[in-house]
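Observations on the model geometry
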2 protein chains.
Amino acid sequence: MYIKNFLFSGKYCGLKKNRDLDVGLMVSKIPLRVSAVFTKNKIKAAPVIISKSHSKNVIKALIVNSGNANACNGDYGLDDARRVIHGLSKELEVMESNIFVCSTGVIGERLNASLIESGIPELVKSAKEDGLDDFAKSIMTTDTFPKIASKDVSINNSIYKITGVAKGSGMIMPDMATMLAFIFTDIPIKKELADAMFKECVDLSFNSITVDGDTSTNDTAAFFYPDGEQISSKFQIGKTDANYASAKKVLLEICFELAKMIVKDGEGASKLITITALNARTETEAKRVAFTVANSPLFKTMITGEDLNWGRIMAAIGRSFARIKPNDIDIYINDKIIVENSAASEELNKNIERTILSPKEINLKIDLKCGKASRTVLTCNLTKEYIDINASYRS
Amino acid sequence: MYIKNFLFSGKYCGLKKNRDLDVGLMVSKIPLRVSAVFTKNKIKAAPVIISKSHSKNVIKALIVNSGNANACNGDYGLDDARRVIHGLSKELEVMESNIFVCSTGVIGERLNASLIESGIPELVKSAKEDGLDDFAKSIMTTDTFPKIASKDVSINNSIYKITGVAKGSGMIMPDMATMLAFIFTDIPIKKELADAMFKECVDLSFNSITVDGDTSTNDTAAFFYPDGEQISSKFQIGKTDANYASAKKVLLEICFELAKMIVKDGEGASKLITITALNARTETEAKRVAFTVANSPLFKTMITGEDLNWGRIMAAIGRSFARIKPNDIDIYINDKIIVENSAASEELNKNIERTILSPKEINLKIDLKCGKASRTVLTCNLTKEYIDINASYRS
């Protein structure tokens, strides 16, 4: 039922005003390796800087706090993150360099490291195999539900597990937004192989979602696994064998499921929107078209209003700067053609216009008819609740 | 009081549901030249395509309709725009190629050219020197007020006039959003000179504003003036004389005033925000930093909430991909320092945090301390009213 050798806990340490769980811990009984993808934001939070340097090491524990991003605090930020790591390393009797640390929350306020230090003994003591729910809750900020996904995968006739936890609902954009995602598995993998596998999965999942186009200083997606180098080749997976493909397929499913949960939980969102740009010249251009539409406030509010004003989709496509044929674009919504050769489809009528955006899930397909590359991104609609949440985030 | 030789009118022709004025006309008693800047959107409305080709000709009239963008209508769109031009050319007895045409409104619905054709005789008959108010009203869509600015300029001891009219309040972004701006003057200028002068002014005004990051298929800014080539050199302005500088200064003032009105009238906006990025490595990078902050929904909602969460400004700067020194950024709001060397300023306290965003006009300065280039952009806040307006634009 649980992932072998991984123990989890979560605790309220006093960082959040509402007394929700705010520090999560993962401790591994065996040495792990990690493959991690960090924010591309040039302003990086202190824990991002530290974990990035630790990610080449063996990892034995992961500690995450919510309620404070520990970003933009100058040298104090690094000091505070190191105090947390130091406290945990003493309690666990592991080296500081074997600890991975993350923070999420408000930027620019000092992290009260003492509060976390005081909570560490209890966090360590309570860590257990079935503690993942508490861990998932303790990393939430504006999330309305904890995000966990888990699947089994069969490798050489043994059943292994890939389990992921994520948080994030605002400031979500590719290249890691205010998003933390942690994936754990008991499959032993060589780091080099896992790095490549994870990067590919992140690109097609967490890097293919957007809520508001904002990206943060703290985003981290990390994949933890037993070190394949240390384990007899019999139990390993290799790049060319079927086991690699099975593991990668399940890893992508977990990442995608978590990414979808983040978008569904988009701040104030009431609709899940899947946008696919088809037949672009290059994958980059397909991605650019899909993301330009996905981030258009006019498109997102139109979905909220459920009134098909498809010209806004065309305008977004046209300003994406992908190479397109301006008079040759088809658009489908939930498999009904609404735009044909860049003009209103003959099948379109007032009735369709007023009902086609009613479903909770909107599937938009943009056929650019000028190449063979495609790309899918996920987003949500823009509502008044987004304004409410973000006009008063800290209050 | 009025600009010599320019006549204006505006009329309700049946395009708008609410019976507001929806077609505007400008007729000139003398041949004009035009310098125009059009949308960079690859999906261009029919009138943009036609006016772009006419803009090298002598211009004798300008006709503009609101209520319908005449974009994404395939060949029908070009036909309909040409019918409008044809009707006006017959009535005025000028060549079709001497007419400049613009449309603004909903994309993807056929323009009812007959309604405009029927209105043309009355539009022509009622055109008069003091008709600019009606013209300004007839080009409005979601605008809440007509936008007119006018100034005198002294050239060779004669008083000339530069007068501008604009519309636009949503889908506003650089490279011309759902924005139309028309500037008229009685100063004779050579086209080559006016083209350069106008391009520079547009870049520092209409191309330095953003409401929601969306750009449209119809945007046009056009500057109409008597042809300098046809007029004795005594009354002309030359690139190197003081008259050129005076005329350009006033032209920029008019453009900037209109641009500011557009942002002030931003859909649902309640605050005018001026963002200056200082001491960037290049002007492009300064512009990029200022626009990334200006388009961040998290920044815009923070201004609405009046609760200083300055980390959102830092996060936006960091993802702008301008070359910055991550630990060396200062931020000022209304001349008070709030961030010093990328961390909270010592002068910051709870009281300042809660009051500094109260004013109606917010002046944000970002000192990047890594170069000498600066750039200012204007934007507005994001409110629930924006969602209301855009979730039901067509209803």
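How each quantity is defined
Residues numbered from 1 in each chain as written. Chains lettered and ligands numbered in written order. Predicted model: local features only at pLDDT ≥ 70, side-chain atom pairs only at ≥ 80, totals over all residues. Pairing = 2+ DSSP bridges. Helix = DSSP H or I, 4+ residues; strand = E, 2+ residues; numbered from the N terminus. Domains from an automatic or database assignment. Expected span 1.5 Å × (residues − 1). Buried ≥ 20, exposed ≤ 12 C-beta atoms within 10 Å, placed from the backbone.

Turning to the sheet that holds strand β8 (residues 209-210) of chain B, a few remarks are in order. Residue and element names in this part refer to chain B. Spatially, β8-β15-β10-β14-β11-β12-β13 is the arrangement adopted by the 7 strands of the open sheet, whose pairing is mixed. Each edge of the open sheet carries a strand with a single partner, namely β8 and β13 (343-344). Bridging between strand β11 (residues 330-333) and strand β14 (residues 361-367) involves 4 bridges; their strand directions are antiparallel. Its bridge partner lying in β14, Asp-330 is registered against Asp-367.

To continue, consider the domain arrangement of chain A. Assigned domains of chain A: these are domain 1 (6-264) and domain 2 (272-391). Spacing between the C-alpha centres of domain 1 of chain A and domain 2 of chain A amounts to 33 Å.

All names here are of chain B. Here 2 bridges tie β8 to strand β15 (residues 373-380), and the two strands are oriented parallel to one another. Opposite Ile-209, over in β15, you have Leu-378 as the bridge partner. Relative to β15, strand β10 (residues 272-280) runs antiparallel, the two sharing 7 bridges. For Ile-275, the partnering residue across the bridge sits in β15 and is Val-377.

End to end, helix α6 (residues 242-264) of chain B covers 33 Å across 23 residues, agreeing with the expected 33 Å (1.5 Å per residue, within 8%). For α6 of chain B, the full list of buried residues reads Ala-247, Lys-248, Val-250, Leu-251, Ile-254, Cys-255, Leu-258, Ala-259, Met-261, Ile-262 and Val-263 of chain B.

What follows covers the pairing of strand β9 (residues 220-226) of chain B. Residue and element names in this part refer to chain B. Within β9, 7 of the 7 residues are buried, leaving the element largely enclosed by the surrounding structure. Of the two faces of β9, the one holding Thr-220, Ala-222, Phe-224 and Pro-226 and the one holding Ala-221, Phe-223 and Tyr-225 are both buried throughout. Both strand β7 (residues 180-185) and β9 contribute to a ladder of 5 bridges, which runs parallel. Residue pairing across strands places Ala-181 opposite Ala-221, the latter belonging to β9.

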